[in-house]
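Observations on chain architecture
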Amino acid sequence: MVLLDIVNVDVYIGNVHILRKISFNIEKGEVLGLIGPNGAGKTTTLKTIIGLLPLRTGKIVFEGEDISRLPARNRVGKGITYSPEDRRLISDLTVEENILLPCWVSGSMTKSMIEKNLEIVYKIFPEIKEFKNRKAKLISGGQQKMVSIARALVLMPKLVLLDEPFEGLAPMVANRLLRSIEAMKSLGITTIIAESNLRYVKQIADKIVRIERGEIKEVVENA
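Everything in this summary refers to the structure shown in the same document. Each chain carries its own residue numbering, running from 1 in the written order of its sequence. Owing to the predicted nature of the model, reporting of local features is limited to residues with pLDDT of at least 70; listing and counting of side-chain atom pairs is limited to 80 or more, with chain, interface and lining totals taken over all residues. Water and hydrogen atoms were dropped before computing side-chain values, which therefore reflect all heavy atoms in the structure.

Observations regarding the nonpolar core
We call a set of buried residues a nonpolar core when its members are Ala, Val, Leu, Ile, Met, Phe, Trp, Tyr or Cys and they connect through side-chain atoms within 4.5 Å of each other. Note on exposure labels: buried denotes an accessible area under 20% of the residue type's maximum, exposed denotes more than 50%, and partly exposed covers the range between, all computed with a 1.4 Å probe on protein chains only. By size, the foremost hydrophobic cluster in this structure holds 41 residues, and its most contacted members are Ile99, Phe125, Ile128, Leu153 and Ile181. Put simply, DSSP marks the helices as runs of H or I at least four residues long and the strands as runs of E at least two long, and each gets a number from the N terminus on. Only strand S3 (31-35), helix H3 (95-106), helix H4 (111-124), helix H6 (141-153), strand S7 (159-163), helix H7 (171-186) and helix H8 (198-201) provide two or more residues apiece to this core. When residues of this core are assigned to their parent elements, the largest contribution, six residues, is made by H6. Not counting residues up to four positions away in its chain, the partners in contact with Ile181 are Val31, Leu162, Phe166, Ile193 and Ile204. By size, the runner-up hydrophobic cluster in this structure holds 27 residues, among which are Leu3, Phe62, Ile80 and Ile211. The contact rule is simple, with two residues in contact once any of their heavy atoms fall within 4.5 Å.

If you want it as structure tokens, here you go:
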């Protein structure tokens, strides 16, 4: 069953044409690798899906509903979350406080729901629980990436967008992150991973979409 369908989407930033008639889809429970060099349009694609950038033409269909004009907050409410490349943690908040920010912003989750979701997050990222009371500015870059992804997961979304999650990680940390993404997949969470390097993505992705200069060049099933 197709969860997300991107159909002939054009995106401009100012007068610059960034995405050119891009089309691809992802089925429920899949991991999709969006692969391309720096400047190819990967981050723009993710920001357009989450609603941080407007599309000029085309449409984005999520669970059969056209969400092309829906504000980002409403897309989060429908089950789409985003972990940006630069992490955007609040440095003076603790790790756990950073993770819980989406729950506080939503205002619709009970204490028991939050506790349940947080426990699932800690099962996916068990090392995070060990330093949950440490301020975000006092943990390593790799740990910060895990916290950023954990924050995107705490609402138990249907679709998670990860921007360059493996960038700059030591091989040991990257392999640990791969296991966490596998755990997310086992829970039925659909994931799009935007990456410049195919090395890690090909180990987990069900489908590879190659983008260059704002155009989709290839879509292949990753057996």
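Next, the rest of the story.
A look at the pattern of salt bridges
In a structure, side chains of opposite charge can pair up when their charged atoms sit close to one another. Salt bridge, as used here: a side-chain nitrogen of Lys or Arg that lies within 4 Å of a carboxyl oxygen of Asp or Glu. Taken as a whole and assessed by the stated rule, the structure comprises twelve salt bridges. Taking the shortest distance from any N to any O, the salt bridge between Arg210 and Glu212 comes out at 2.5 Å. Overall, Glu212 belongs to the partly exposed group, its relative accessible area being 31%. One salt bridge connects Arg210 with Glu218, and the closest N-O pair in it is separated by 3.4 Å.

Thoughts on the sheet that holds strand S1 (residues 2-13)
Paired strands are those between which DSSP finds at least two bridges. Pairing is antiparallel in the open sheet, where four strands are placed in the order S2-S1-S4-S5. Either end of the sheet is taken by a strand with one partner, and the two such strands are strand S2 (16-27) and strand S5 (65-66). Relative to S2, S1 runs antiparallel, the two being bridged by eight bridges. Bridging from a neighbouring strand, Val9 pairs with Ile22 of S2.

Things to note about the sheet that holds S7
The mixed open sheet is built from six strands, whose spatial order is S6-S7-S8-S3-S9-S10. The open sheet has two edge strands with one neighbour each: strand S6 (80-83) and strand S10 (215-221). When the angles between neighbouring strand axes are averaged without regard to direction, this sheet yields 15 degrees. Pairing geometry for S7 and strand S8 (residues 190-195), over five bridges, is parallel. Looking at the pairing, Leu161 lines up with Ile192 of S8. The axes used here are C-alpha line fits, helices contributing only the stretch in contact, and every angle between their N-to-C directions lies in the interval 0 to 180 degrees. In this fold H6 packs onto S6 and S7, with an angle of close to 170 degrees to the strand it touches most, S6.

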